[in-house]
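Summary of structural features
One-letter residues, chain by chain:
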Amino acid sequence: MTLNFYKYQGTGNDFVIIDNRSLSFDKSNSKNIAKLCDRRFGIGADGLILLENHPKVDFRMVYYNADGNESSMCGNGGRCITAFAKFLGIIDRATTFEAIDGLHKAEIEKGIVKLQMQDVSNIETFENHLFLDTGSPHHVELVDNLKDFDVKNKGAEIRYGAPYNEVGSNINFVKQNSENSFAVRTYERGVEDETLSCGTGVTAVALAMHISGKTTSKQVDLETQGGKLKIAFDISESGDYNNIWLIGPATQVFKGEI
Ligand SMILES: N[C@H](CCC[C@H](N)C(=O)O)C(=O)O
């Protein structure tokens with residue numbers, strides 16, 4: 001049976017996106033999902049996203065990592081599915097949709113998508129790193145020579161080591177560029193490699209850099225291998241991070257059938 005798909009990328013984090021409002025896609029076949037994401041034997045992507053109907057909000061987002069397993073929230077994927085929903089005519093400039101971590105608002109204008117992330121209240125600080133969940137789990141650590149850093153091997157070591165072990169975490173390596181801007185390189189769980197950017201990752205980095213006093217700004221610029229992203233946020237009286245927005249481009253690259 002022919003499968004129609006669209007290929008999107010958000011600052012180089014790339015996805016196969018499928019309109020599954022008919023619910024005809026076989027979600028039980030993780031081997032097939034991994035094959036569709038395979039960069040040699042399939043279409044090639046960091047993940048696969050299904051757009052489905054939802055009884056109350058504009059649509060539902062279902063996300064699978066390149067390993068074929070359903071995963072936690074994908075921030076760049078959330079930006080891309082918003083652009084896809086506009087392309088399909090399901091939405092105009094603003095939307096609310098449901099993902100695995102709950103409801104998300106998003107706005108789109110001239111290819112730039114602003115995606116609201118869930119509030120973050122629990123940030124753990126350790127000697128050389130921080131850990132927080134921004135819809136997906138993230139380990140954040142500052143390194144000196146980010147440009148030449150061995151993200152894949154060092155990232156895998158931390159991701160599979162204690163305390164993350166098999167469940168794992170995404171691993172973000174960071175360098176401060178200026179008062180409110182940082183460069184980030186991310187090893188992504190479920191891709192098991194460096195990706196060109198990670199939306200929940202740069203969100204985690206912005207909040208981690210703020211809580212550790214590296215920046216006092218509530219608008220943080222993140223430079224990734226795949227392009228620039230901006231994070232804006234507020235802090236509630238109780239010290240929780242809220243009104244968190246992930247802002248950046250989302251682009252349709254091609255459509256196809258397989
Ligand atoms: N690999 C992540 C999910 C996708 C996150 C990333 N692509 C993003 O943009 O947030 C995980 O398994 O936790």
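Residues numbered from 1 in each chain as written. Predicted model: local features only at pLDDT ≥ 70, side-chain atom pairs only at ≥ 80, totals over all residues. Heavy atoms only, no water.

The subject of this paragraph is the pattern of salt bridges. All chains considered together, the criterion is met by 14 salt bridges. Here Lys 86 ties to Asp 92 by a salt bridge, and the two come within 3.3 Å at their closest N and O atoms. Taking the relative accessible area as the measure of exposure, Asp 92 reaches 52% and is therefore exposed. The shortest N-O distance in the salt bridge between Glu 157 and Lys 154 comes to 3.5 Å. With Glu 157 and Lys 154 both in helix H3 (residues 151-160) and 3 residues apart, this pair spans about one turn of that helix. Several salt bridges share partner residues, and in doing so they unite Lys 7, Asp 14, Arg 39 and Asp 46 into one network. (Salt bridge = Lys/Arg side-chain N within 4 Å of Asp/Glu carboxyl O. Buried < 20%, exposed > 50% of the residue type's maximum accessible area, 1.4 Å probe, protein only. Helix = DSSP H or I, 4+ residues; strand = E, 2+ residues; numbered from the N terminus.)

Let us look at the state of the cysteines. The tally for this structure, following the rule as stated, stands at 0 disulfides. The thiol of Cys 37 is unpaired, and the distance to the nearest cysteine sulfur, on Cys 74, comes to 11 Å. When its relative accessible area of 3% is taken as the criterion, Cys 37 is described as buried. (Disulfide = S-S within 2.5 Å.)

Moving on, we get to the UniProt feature "active site" (unreviewed entry) in the chain. Feature annotation in UniProt assigns "active site" (unreviewed entry) to the following positions: Cys 74 and Cys 198. Taking the farthest pair of C-alpha atoms as the criterion, the annotated set spanning 125 residues converges on one region, since that pair is 7.8 Å apart. Relative to the elements of secondary structure, Cys 74 occurs in the loop between strand E4 (59-65) and helix H2 (75-87). The residues contacting Cys 74, other than those within four sequence positions of it, are Asn 13, Phe 15, Met 61, Tyr 63 and Thr 200. Here Cys 198 lies in the loop between strand E13 (193-195) and helix H4 (199-211). Residues in contact with Cys 198, not counting those within four places in the same chain, are Asn 13, Asn 76, His 138, Thr 186 and Glu 188. (UniProt positions renumbered as here; feature names shortened; annotations may be inferred. Contact = heavy atoms within 4.5 Å.)

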